[in-house]
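Summary of the model geometry
What follows is each chain in one-letter form.
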Amino acid sequence: MEGTVFAAALEGMKVVKSEQGEILSQPFLDVCKQILPVIDKFGAAMALIKSDIGGNISRLESKYSTNPSGFNHLYSLVQTEVESNTAKSSSSCTNGLLWLTRAMDFLVALFRNLIEHEDWSMSQACTDSYNKTLKKWHGWLASSSFTLAMKLAPDRKKFMDVISGSGDITADIESFCTNFSPLLEENHKFLARFGLDEMKAS
């Protein structure tokens, strides 16, 4: 494998925005998909997050595929739901985008912890990221499942070796976090404009 497991996502990020600076649906979802192999390397600890991300990507993609030109921009998927008052439904694309963005917030925070706190164990890095990002949106049940899953986190050194491949993992993680965070920030701001950024897990 050439480079690190982040190579494909970093390549994909170059085409996430249109010339007008709007986030494009398929390229954004592709970058999220390219992070799934990284999550795979966590094994059972991340099974919940992985199925959550995968499910939300599929939901957004199936809506996008009904009208690729109409839904070329990511936010058009939300816009139509806002107009038809279906944005707050638990099966909406809006909800899908919100939870996909939150799960990605968690991963960015986790990747940052891994390069900034070299002395932390994997479960420490995971728990800190969880507390900073997802915890306040989760109910008791989701929180407990998550805490339990973190006990299965892999050994940090083994994990880093596995995801490094033949590239510079620290540089790639740094680059991923730096370039991907503003996109997530933009998603939050867009959702907040319609009062949709505060929805909690049912």
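Residues numbered from 1 in each chain as written. Predicted model: local features only at pLDDT ≥ 70, side-chain atom pairs only at ≥ 80, totals over all residues. Heavy atoms only, no water.

Scanning the model with the defined rule gives seven salt bridges in all. Close ionic contact of E186 with K17 constitutes a salt bridge, the shortest N to O distance being 2.8 Å. Placement of the pair is E186 in helix α10 (residues 169-193) and K17 in the loop between α1 (7-12) and α2 (25-34), with a sequence separation of 169 residues. Between K33 and D30 there is a salt bridge, with its nearest N and O atoms 3.8 Å apart. With a gap of three residues between them, K33 and D30 both fall in helix α2, about one helical turn apart. A relative accessible area of 28% means that D30 is categorised as partly exposed. Three or more residues are tied together by salt bridges with common partners; here these are D30, K33 and E61. (Salt bridge = Lys/Arg side-chain N within 4 Å of Asp/Glu carboxyl O. Helix = DSSP H or I, 4+ residues; strand = E, 2+ residues; numbered from the N terminus. Buried < 20%, exposed > 50% of the residue type's maximum accessible area, 1.4 Å probe, protein only.)

This part is about the UniProt feature "domain: Glycolipid transfer protein" (unreviewed entry) in the chain. Mapped onto the present numbering, the UniProt feature "domain: Glycolipid transfer protein" (unreviewed entry) falls on residues 25-164. Summarising residues 25-164: 71% helix, 0% strand, and an end-to-end C-alpha distance of 29 Å. (UniProt positions renumbered as here; feature names shortened; annotations may be inferred.)

This next bit is on the packing of aromatic side chains. In this structure the tally under the stated criterion is ten aromatic pairs. Both rings, one in F190 and one in F194, keep their centres 5.2 Å apart while their planes meet at 70°; by these two values the pair is edge-to-face. A relative accessible area of 27% places F194 in the partly exposed class. An aromatic cluster is built from F6, F28, F111, F176 and F180, whose rings are joined through pairwise contacts. In this structure, R102 packs its charged tip against the face of W99, placed 4.6 Å from the ring centre. Over the aromatic face of W137 sits the side chain of R102, whose NZ or CZ is 3.9 Å from the ring centroid. (Phe/Tyr/Trp six-rings, centres within 6.5 Å; stacked < 30°, edge-to-face > 60°. Lys NZ or Arg CZ within 6 Å of the ring centre and 35° of its normal.)

With that settled, consider α10. Under the 1.5 Å per step criterion, the end-to-end length of α10 is 36 Å for 25 residues, consistent within 8% with the ideal 36 Å. Taken together, the buried positions of α10 are occupied by I169, D172, I173, F176, C177, F180, L183, L184, N187, H188, F190 and L191. Structurally, α10 contributes buried residues whose contacts are with α1, α2, α5 (74-83), α6 (93-116) and α9 (156-164). One side-chain oxygen of the residue at the start of α10 lies 3.2 Å from the amide nitrogen of T170, identifying that residue as D168. The positive-phi residue at the C-terminal boundary of α10 is G195, with phi of around 65°. (Expected span 1.5 Å × (residues − 1). Contact = heavy atoms within 4.5 Å. Polar contact = N/O pair within 3.5 Å; in protein donor to acceptor, adjacent residues only side chain to side chain.)

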